[in-house]
Amino acid sequence: MTKTVRARLQYMVGGLLYSPAINVGLAEKIDNGCFPCLTSMAFCLEDSIRDEALEEAEAELCRTLQAISERNIQKDKLPLIFIRIRTPEHMEHVHTLLSPFYDVVTGYILPKFDLSNCDEYKRIISSINAELSAPLYIMPILESKMIADIAGRTSTLLKIKENLDSMQEYILNVRVGGNDFSNLYGLRRGVNQNIYQIGVIRDILIDIINVFAADYVVSGPVWEYFGTGLSEPWATGLQAELSLDRLNGFIGKTSIHPSQLPLIYESMKVKKSDYEDALSILGWDPSKLGVEKSSDGSRMNEVKCHGKWALRIATLGGIYGIREE
């Protein structure tokens, strides 16, 4: 049963909205539906919080989670809630603070996850889950220099995957830090560009997809531009990058502003023709040939080649809906 829940839950993260954990009034905003198309939320205790303000941010986070729990927010309004911690040691500390609120917390986000800390994170999350009746999940972020380094990238990624495979039941998404990778080289994309145009970053991202996407949902990097008008360059650029995310195998995206959420949500919907073909493939008549025309007659469906794609499309369509063409 737990495996079945995780299989669907991993696609429900969608657009992960980041907020500094020190922000006040978040429980009320969630309850009042102030964030349209909100599917998941990250309360950040890492980069967005100055070291000297960390204790205050932790206290505010506890107040926020308590308020969310006490409000009994309707299920369709309550996003998946994740806590972004700093280090394995910090995770153990935060676990002690937040243990009363695990009824509303889905899991932890682990920044700069690599071979220097993966064993310690594994020990901690295994220990935490041994105490709980329902799983507490993790979402590691691949964003460190160890992963970017071309000399050891492949072996590093394969070793990290081996580590994650040993605790796969607790992993919802593998996430990537596009801005962190870009910062290593002093690079930054403009509003009319996309992350795949930065060659060195594209290569890192594609290597991550190559290693992880067959077994995990891998989420796309943050788009750092936002605004109000959907015809403005920030929105056009986000839509273009979302299209390339999907094409390359990324599912969902980190969001740094609520204005981005509707566009990310819309990108999670599936085309009607794709959805119909997916259902046809998943319900394939074994007495038929292994290949047939698509529902609209425009392409070929092959049950052996398109089964994994069909399962993903059917799951996304069931969660986010169908997009008319």
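In what follows, the accompanying structure is described. Small disclaimer: the values here were computed from a predicted structure and weren't measured.

Rules used throughout
- For every chain, the first residue of the written sequence is number 1, and numbering continues from 1 onward in sequence order.
- The predicted nature of this model means local features are confined to residues of pLDDT at least 70 and side-chain atom pairs, given and counted, to a pLDDT of 80 or more, with totals for whole chains, interfaces and linings taken over all residues.
- Note that water and hydrogens are dropped before the side-chain values are worked out from all heavy atoms of the structure.
- Here's how the labels work: a residue is buried when its accessible area is under 20% of the maximum for its type, exposed when over 50%, partly exposed in between, all with a 1.4 Å probe on protein chains only.
- Secondary structure elements are taken from DSSP: a helix is a run of H or I of four residues or more, a strand is a run of E of two residues or more, and numbering for both begins at the N terminus.
- Think of the arc as the fan of directions from the helix axis to the C-beta atoms.
- Under the pairing criterion, centres of Phe, Tyr and Trp rings, with the six-membered ring standing for Trp, must be within 6.5 Å; the plane angle then separates stacked pairs below 30 degrees from edge-to-face pairs above 60, leaving the rest tilted.
- As used in this record, nonpolar core signifies buried Ala, Val, Leu, Ile, Met, Phe, Trp, Tyr and Cys residues forming a set joined through side-chain atoms within 4.5 Å.
- One side-chain nitrogen of Lys or Arg within 4 Å of one carboxyl oxygen of Asp or Glu is enough to make a salt bridge.
- Lining residues are defined by having an atom within 4 Å of a point belonging to a cavity or pocket. Those points lie on a 1 Å grid over the protein atoms alone, cavities being sets where a 1.4 Å probe fits but cannot get out and pockets being open sets with protein on both sides within 12 Å along at least five of seven lines.
- Grid points are joined across faces, edges and corners, and a volume is the space filled by probe spheres set on the points.
- Lys, Arg, Asp and Glu make up the charged group, whereas Ala, Val, Leu, Ile, Met, Phe, Trp, Tyr, Cys and Pro make up the nonpolar group; the residues left over, Gly among them, are polar.
- Simply put, an axis is a line fit to the C-alpha atoms, just over the touching stretch for a helix, and the angle between two N-to-C directions goes from 0 to 180 degrees.
- Here is the rule for angles: anything less than 35 degrees is roughly parallel, anything more than 145 is roughly antiparallel, 65 through 115 is roughly perpendicular, and the remaining ranges are oblique.
- Left-handed describes a crossing in which the near helix is turned anticlockwise from the far one by less than a right angle; the clockwise case is right-handed.
- Here, residues are in contact when the closest pair of their heavy atoms is within 4.5 Å.

Description of helix α12 (residues 272–282)
Where α12 is concerned, the buried positions are Ser 273, Asp 274, Asp 277, Ala 278 and Ile 281. The buried side chains of α12 occupy one side of the element, clustering within an arc of 135 degrees when seen end-on.

With respect to the packing of aromatic side chains
Scanning the model with the defined rule gives 4 aromatic pairs in all. Measuring from centroid to centroid gives 5.9 Å for Phe 113 and Tyr 121, while their planes differ by 20 degrees, and the two rings are stacked. The exposure classification of Phe 113 matches that of Tyr 121, with both residues buried.

A word on the nonpolar core
Grouped together as the largest cluster of nonpolar side chains are 66 residues, with contacts concentrated most on Ile 83, Tyr 108 and Phe 212. For this core, the leading source of residues is helix α9 (residues 199–212), giving 7 residues.

Points about the pattern of salt bridges
Should the charged atoms of two oppositely charged side chains come close, the side chains can pair. In total, this model carries 24 salt bridges according to the counting rule given. For the salt bridge of Arg 84 with Asp 47, the shortest nitrogen-to-oxygen distance reads 3.6 Å. Note that Arg 84 is positioned in strand β3 (residues 80–84) and Asp 47 in the loop between β2 (40–44) and α3 (54–71), a separation of 37 residues in sequence. A relative accessible area of 8% means that Arg 84 is categorised as buried. Looking at Asp 47, the relative accessible area reads 53%, which means it is exposed. A salt bridge links Lys 161 to Asp 215, with the nearest nitrogen and oxygen atoms 2.9 Å apart. Here Asp 215 lies in the loop between α9 and β7 (217–219) and Lys 161 lies in helix α7 (residues 153–165), a separation of 54 residues in the sequence. Among the residues examined, Asp 215 registers a relative accessible area of 39% and is labelled partly exposed. Linked through salt bridges whose partners overlap, the residues forming this network are Glu 46, Asp 47, Arg 84, Lys 112, Glu 143 and Asp 180.

Re the layout of surface pockets
Quantified by volume, the largest pocket comes out at close to 900 Å³. Taken together, the elements giving at least two residues each to the lining of the largest pocket come down to α1 (2–9) and α13 (303–320). Residue composition of the lining of the largest pocket, grouped by class: 23 nonpolar, 5 polar and 5 charged.

Observations concerning the packing of helix α4 (residues 88–98) against helix α5 (residues 118–130)
The interhelical angle for the contact between α4 and α5, taken along N-to-C directions, is 15 degrees, at an axis separation of 9 Å. In terms of orientation, α4 lies roughly parallel with respect to α5. The hand of the α4/α5 crossing is right-handed. Across the interface between the two elements, Pro 88, Met 91, Glu 92 and His 95 from α4 touch Glu 120, Tyr 121, Arg 123, Ile 124, Ile 125 and Ile 128 from α5. Taken together, the residues of the contact of α4 with α5 break down into 6 nonpolar, 1 polar and 3 charged.

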